[in-house]
Each structure stands twice: as structure tokens, then as C-alpha cells.
Amino acid sequence: MSEIEEGVRTGSAVESENFIPSSEIKEGEDQIHIRNLSKTYVTEDSETVVLEDFSLDIRKGELISIVGPSGCGKTTILRMLAGLVQPTSGKILIGDRECTAPGSDRGMVFQDFALFPWRSVRKNVEFGLEIAGMPKEQRRERADKYLKIVGLEKFADHRIHELSGGMKQRVALARALVTNPDVILMDEPFGALDAQTRNLMQAGLLKILDKTDQTIIFITHSVDEAVFLSDRIVILTKRPAKIKEVVEIDWPRPRDRASPEFTALRKRILEELEKENVLD
Amino acid sequence: MATILNWTYDENNRYHRWFRTTVIAITSLVCFVFAWWDVSLLLNSTAIPTPLETWNALVDLVVNGDSVTGGRTVWAYIGSSLKTFLLGFLLALVVAVPLGLVIGYSKTIREFANPVIEVMRPIAPIAWAPIFILAINYTVGPILVVFIGIFFPVLTNVVFGVQKIDPNLMDAARTMGASPVQVFYKVMVPSAVPYLMNGIKVGLGVGWMCIVAAELYAPQLGGIGYYLSTMATNGLWPNAFAAIVIIAILGIVTTGLAEYVHKIITRRMGMSNV
């Protein structure tokens, strides 16, 4: 077994010497502070309050998922965390730094993958390293390592359009992980995949994340997915989004979808969401 | 024999599709030649020679060169036209591509440039020919006419390409720490390439129309358009028609080449759907 294969199996291949996280925060402590966040979209003839006075603390190393009725502003929260959208008021602190613009301390995985079609799989994964100014050989080595972690080392030279949906999302995941950001933001990453691929991806994601101390903020439509993956689930109300409830799940992983407590919790969260979805 | 008679067309077989297209194209050209022949015989005018007369003049031109005015080969005429064409084309690319990228990128620059573009674009490039040739000179004039013909299709396509870019790709680049300049040349420029190729395809067609017309005003250049006008003014209609056939063939070759390059590049870039 080669060094890298060994590393993938044990998880030591997910290294963190480079791109050392800038904060001294230990796992389990609060890392991200969302304070009184509001967002209003103004157009000529209407004002839409998407988010009002939203506060939440996110702990380092946890996988927190956000569920809520359609159009409640889940994605807006994530895009503000990414620095792609500016809040109307309130602020987001990561460690002790205020987050105002995108930065390499946060990686993002998009629902529609957002891969560059003119780049090969490897070159897509290398993108963030290129931006960071890493030399060519090192870049390639590191990209290959992460392609190995997501199981796509054989496809390094392929073009994006030659891959299936699940493979594309694994490339996107490798691309987000490769710079070793403190936080990974995932915007319905498996929403475009079929149910079977989706389950495989969830299991794969857990396996990868087991080896890292990255904080994951996960937006999803699927309550089943949220219960399967999360340390905590944030349930939002309909727009303007407020926190309805935060559910802590401390069950060991991998979780059994058929177990009575799993189905009971899923049912309860679904019912909560149902109440929010009533058309008014 | 039986196998040929039992032949059935299979839409999923690329060779069948290719064969079908070729047969229809050849039939179309044959019909055209016969129609031309009919018109020529019916009008019985010397100004419209029959395809056979044209063919003979064409063979004579290719084999013996220009036997009427003496000396020059057909390749000299073609070479002169191609040179003008190529210079105009390169000039158009050098100017239109950066300009298109910038206009597509910045709303302010777009709003500034659009009125000028909209005023200039509807003017037939050929209308500039007498002005450029008289105001500048007969070498640069035709190049500028070709330039204008190719410039606008390339420019508008690049502008369109930059604006059509998937905003998610730019967001993805930004979340990986890319600066606005890096987003521009690592994301916007490559995603505009298929549109650029499309603009080149259209531009080459327009440019080819321009070159011949411009040469009518610049006899000193000695291009194929000059040969055409000399033959026509001397009433040598079969020779004039031979020149038209050469122009048509060169036009087909140019656009065919552009089509091919477009296909290769978009396929290599994984963007054949654009």
C-alpha cells in the first residue's frame, strides 16, 4: 500500500500544515458568531425582508445544517457567510475577524457544482491553490491527494462534462477542501443528485469529515439528510427567517435511517416545517 | 447489389447522416448549375455565360494564369486578396477582443460605448471602401474595410459572451480568494471564448464579402476582385464568372475552416453546448 493510499485510509492524508487556520479556537468552542443579521432586498416597487435579526453561534468542527421552508432565506444566510452578499445590518464574526468579503478561510460547495468546464478535473481542484500562489508541482501533488480522497484519482485528466453528477460534486468537494479552509459552506450540495447517489455522497462526506476538524454549514431541503449528517439542525421559520428551533443530535455515526429514534425525529422536524409551509 | 438495394437509412449512424447530407448538398449544387444553364440559354445574353463557358475560363485561368492582361497567375490574385483579408482579420481581433471583454465587464463602459456602436454597426462596411481608399491609400483602405466587417460581429459576440457567463462560476472563484482581476482573466475570459469563436465565424463571412467589394475600388492591389472588375469592364463574361466561382470557393473554405476550429476549441474546452 502506497503512502498516499495509507494516508487516505487513516485520514492522515488530509493534512493541515499548509494553510494553518488563523484562529486558536479549539474544537467544540464557538467559532462563528452571527449577530443580529438582517437582509432586505429592495427593488423599484417592493421591499423583501428575507432575514430579520438572525443570530446564531456555530462551534468549531461541528456539522450544522439549516433547514426551512422554500424561499425562507437559507441560501442568503450562506452567501452572507461566504461574503458574496452583504448584510443590510448586523455582522458575522469568524473567530474575532469580521467577515465582509469572500476569503480562502471559507470554502463553498454549490448546488449546481460551479465547476469550470474549460479546466480538467485536476485543474479545477488546483484553482484555489493557484490563487494562493502555490508552485506548480506542489499544486499538482496536493490536488492529486485530494482527488484520491474523494476517489477520483483516475479521472484527474478528464473534462467536467465527461463526469456524472455525483462525480462532479466530489470534484467540487475536493476543490473546496484542498485549500484546507476553516469553514466549508455547502448550499444544497446533493440537491441535484438522484436519491442513490445522494446517499452514497452523504456517507462519503461523513467519512472525509471524520478526519478533519473543519466546520461545515450545510443547507438542505432534505430533513432526512439533515438528521443523517448533522450535529445540530437549525429549523427556520418562513420569511423573514427566524430560528424556530435548534435540534442537537449526539447519536454516533453512521446513523441508521430505519431506527425508531431516527424516523421519529425526522417526522417531528417535518411536522415543524409543515406548519411553516402553510400558504397565507 | 442486393445489399445496396436493401440499404436503409439509420439516423443514429454518423456515416449515414454524413452520406445523407452530402447527397443532398451535391443534388442541390447540380440543380443550381442546371438552373443557371437554363437561365443563360433562355436570356441568350453574353453577360450570363453558361456553366460550361465559365468552367473553360476557370480552367484556363488556373492553368495558364491571366492570359488576357498577361503574366499574373491566379495564385497571385488570390494571394493578394488573402493578404489583405488576413491583415484586416488580425487587426479586427486585436481590437475587438480586448474591447469586447472590457465592454462586457463594465456596465459604465458599456453604456458609454453602446451609442457609438449602435450608430456605426448598421453602416454597410463596403460603404467605407471609397472613403478609406481615397482618404488613406489603396493598401490600408481595403484592410480597414475588412476590419470593419469582422470587427462588429466579433465585438458583439464577445460582449454577449462576457455577459452570459454563469454568475455561480464567478462566485466560486471569489470564494476561493480570487481578486476581481483574477476573476476576469481566469473565469470571464475563458468563458467568453466559445462566443468569440462564434463571432469569428460570422465575421469571416462578412469580411469575405467586404474584401472583393473593396478591391473594386483599389485596382492597384491586384486582388481577385480587381480581376473580376477588369474582366467585366472588358466584356469577358466567362472570365468574370470564373472569378466569382473562385471567390465563392475561397469563402466556403474560410468559413468551413472557422467552423472546424470552433468545433475543436469548444469541444476541447468542454463547452460544445454554447
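Since the model is a prediction, treat every value here as computed from it, not as a measurement.

Right, let's talk about the overall build of chain A for a bit. Along the backbone of chain A there are eight helices and ten strands. A globule of 280 residues ought to have a C-alpha radius of gyration of about 19 Å, and chain A, at 19 Å, matches this closely. Taking the principal axes of the C-alpha coordinates as reference, chain A spans close to 55 × 45 × 40 Å. A sequence separation of at least 24 residues applies to 72% of the contacts in chain A between residues at least 6 apart.

Per the secondary structure count, chain B includes eleven helices and zero strands. The linear arrangement of helices and strands in chain B, starting from the amino end, is α-α-α-α-α-α-α-α-α-α-α. For 274 residues, the compact-globule formula gives about 19 Å, and the C-alpha radius of gyration of chain B, at 23 Å, lies well above that figure. Looking at chain B as a whole, 36% of its 274 residues qualify as buried. When contacts within chain B are restricted to residue pairs at least 6 apart in sequence, those whose partners lie at least 24 apart make up 71%.

By a widely used convention, the size of an interface equals the accessible area lost when the partners come together. Residues and elements named next belong to chain A. Splitting chain A by domain gives domain 1 (24-105 + 182-280) and domain 2 (116-180). When each unit is reduced to the centre of its C-alpha atoms, the spacing between domain 1 and domain 2 is 25 Å. Between domain 1 and domain 2, the contact holds ten residues from the first and eight residues from the second. Per element, the largest residue contribution to the side of domain 1 that touches domain 2 is four residues, and it comes from helix α6 (residues 195-210).

Next up on the list: the interface of chain A and chain B. In this assembly, 22 residues from chain A lie in contact with 14 residues from chain B. At the level of elements, β6 (106-109) and α3 (121-132) of chain A are the ones that each hand at least two residues to the side of chain A that touches chain B. Each residue belonging to the side of chain A that touches chain B can be placed in one class, and the counts come to 13 nonpolar, six polar and three charged.

Residues and elements named next belong to chain A. Taken together, six strands build an open sheet; the order of strands is β6-β7-β8-β3-β9-β10 and the sheet is mixed. Edge positions in the sheet fall to β6 and β10 (243-248), since each of these pairs with one other strand and no more. Recorded for the sheet is a direction-independent mean angle of 15 degrees between the axes of neighbouring strands. Strand direction decides the pairing type here: strand β9 (residues 232-236) and β10, joined by five bridges, are antiparallel. Following the sheet pairing, R232 is matched in β10 by E248.

This part covers the nonpolar core. Judged by nonpolar contacts, the single largest core of 137 residues is most densely connected at A174 and I217 of chain A together with V146 and V158 of chain B. Beyond its immediate chain neighbours, meaning those up to four positions away, V158 of chain B contacts A96, V97, G100, L101, G104, A192, Y195, L196 and G199 of chain B.

For the rest of this paragraph, the subject is the sheet that holds strand β1 (residues 30-42) of chain A. Residues and elements named next belong to chain A. Spatially, the four strands line up as an open sheet ordered β2-β1-β4-β5, and their pairing is antiparallel. At either end of the open sheet lies a strand with only one pairing partner, and these are β2 (47-59) and β5 (97-98). In this structure, β1 lies alongside strand β4 (residues 89-94), joined through five bridges in antiparallel fashion. Bridging across to β4, R35 finds its partner in K91. Taken strand by strand, helix α2 (residues 74-82) contacts β1, β2 and β4, and its axis lies near 65 degrees from that of β2.

Attention shifts here to helix α5 (residues 165-177) of chain A. Residues and elements named next belong to chain A. Across its 13 residues, α5 extends 18 Å between first and last C-alpha, which sits within 8% of the 18 Å expected from 1.5 Å per residue. In terms of residue burial, α5 counts as a mostly covered element, since ten of its 13 residues are buried. Every buried residue belonging to α5 is among K168, Q169, R170, V171, A172, L173, A174, R175, A176 and L177, and all of these are buried. Close packing links the buried residues of α5 with β6, α3, α4 (136-149), β7 (183-187) and α6.

Residues and elements named next belong to chain A. For chain A, the mean per-residue pLDDT works out to 84, and 90% of the residues sit at or above 70. Across chain A, α3 holds the top mean pLDDT of 93, while helix α1 (residues 3-10) sits lowest at 46. Within the model, pLDDT remains below 50 along residues 1-22, and this stretch shows 23 contacts once partners closer than five positions in the same chain are excluded.

Moving on to helix α5 (residues 107-120) of chain B. All names here are of chain B. With 14 residues, α5 extends 20 Å from end C-alpha to end C-alpha; this agrees with the ideal 20 Å at 1.5 Å per step. A bend of about 35 degrees at A113 is the largest found in α5, and the proline P115 appears one to four places after it. Buried residues are scarce in α5, accounting for zero of its 14 residues.

The subject of this paragraph is the packing of α5 of chain A against α6 of chain A. How two helices pack is summed up by the angle between their axes together with the distance between the axes. All names here are of chain A. Interaxial distance between α5 and α6 falls to 10 Å at its minimum, and their mutual angle equals 25 degrees. Taken together, the axis directions place α5 and α6 in an arrangement best described as roughly parallel. In the crossing of α5 with α6, the sense of the turn from one axis to the other is right-handed. Contacts between α5 and α6 involve G165, G166 and Q169 on the former and, on the latter, T197, L200 and M201. Residues that form the contact of α5 with α6 fall into these classes: two nonpolar, four polar and no charged.

About the criteria used
- Numbering of residues starts from 1 in each chain and follows the order in which that chain's sequence is written.
- Each chain takes a letter, starting from A, and each ligand takes a number, starting from 1, following the order in which they are written.
- Only residues with pLDDT of at least 70 are given local features in this predicted model, and only at 80 or more are side-chain atom pairs given and counted; all residues enter the totals for whole chains, interfaces and linings.
- For helices the rule is a DSSP run of H or I covering at least 4 residues; for strands it is a run of E covering at least 2, with both sets numbered from the N terminus onward.
- C-alpha atoms define the radius of gyration in this analysis, and the globule rule sets the expected value at 2.2 Å times the number of residues to the power 0.38.
- Here, residue contact means that the backbone-derived C-beta atoms of the two residues sit within 7 Å.
- Whether a residue is buried, exposed or partly exposed follows from its count of other C-beta atoms within 10 Å of its own C-beta, namely 20 or more, 12 or fewer, or something in between, respectively; the C-beta atoms are built from the backbone.
- Domain delimitation in this document rests on an assignment produced automatically or drawn from a domain database.
- For this classification, the nonpolar set comprises Ala, Val, Leu, Ile, Met, Phe, Trp, Tyr, Cys and Pro, the charged set comprises Asp, Glu, Lys and Arg, and every other residue, Gly included, is treated as polar.
- Criterion used throughout: strands pair if DSSP finds at least two bridges between them.
- Axis definition: a line fitted to C-alpha atoms, over the contacting stretch in the case of helices. Angles run 0 to 180 degrees between N-to-C directions.
- The term nonpolar core refers to a set of buried Ala, Val, Leu, Ile, Met, Phe, Trp, Tyr and Cys residues connected through C-beta atoms within 7 Å.
- Any helix carries an expected span of 1.5 Å times its number of residues minus one.
- pLDDT expresses how confident the predictor is about each individual residue, on a scale running from 0 to 100.
- The angle separating two fitted axes, one through the seven residues that finish at a residue and one through the seven that start at it, defines the bend at that residue.
- Each angle is binned into one of four classes, with values under 35 degrees roughly parallel, values over 145 roughly antiparallel, values of 65 to 115 roughly perpendicular, and all other values oblique.
- The hand of a helix crossing depends on one turn: near helix anticlockwise from the far one by less than a right angle means left-handed, and clockwise means right-handed.

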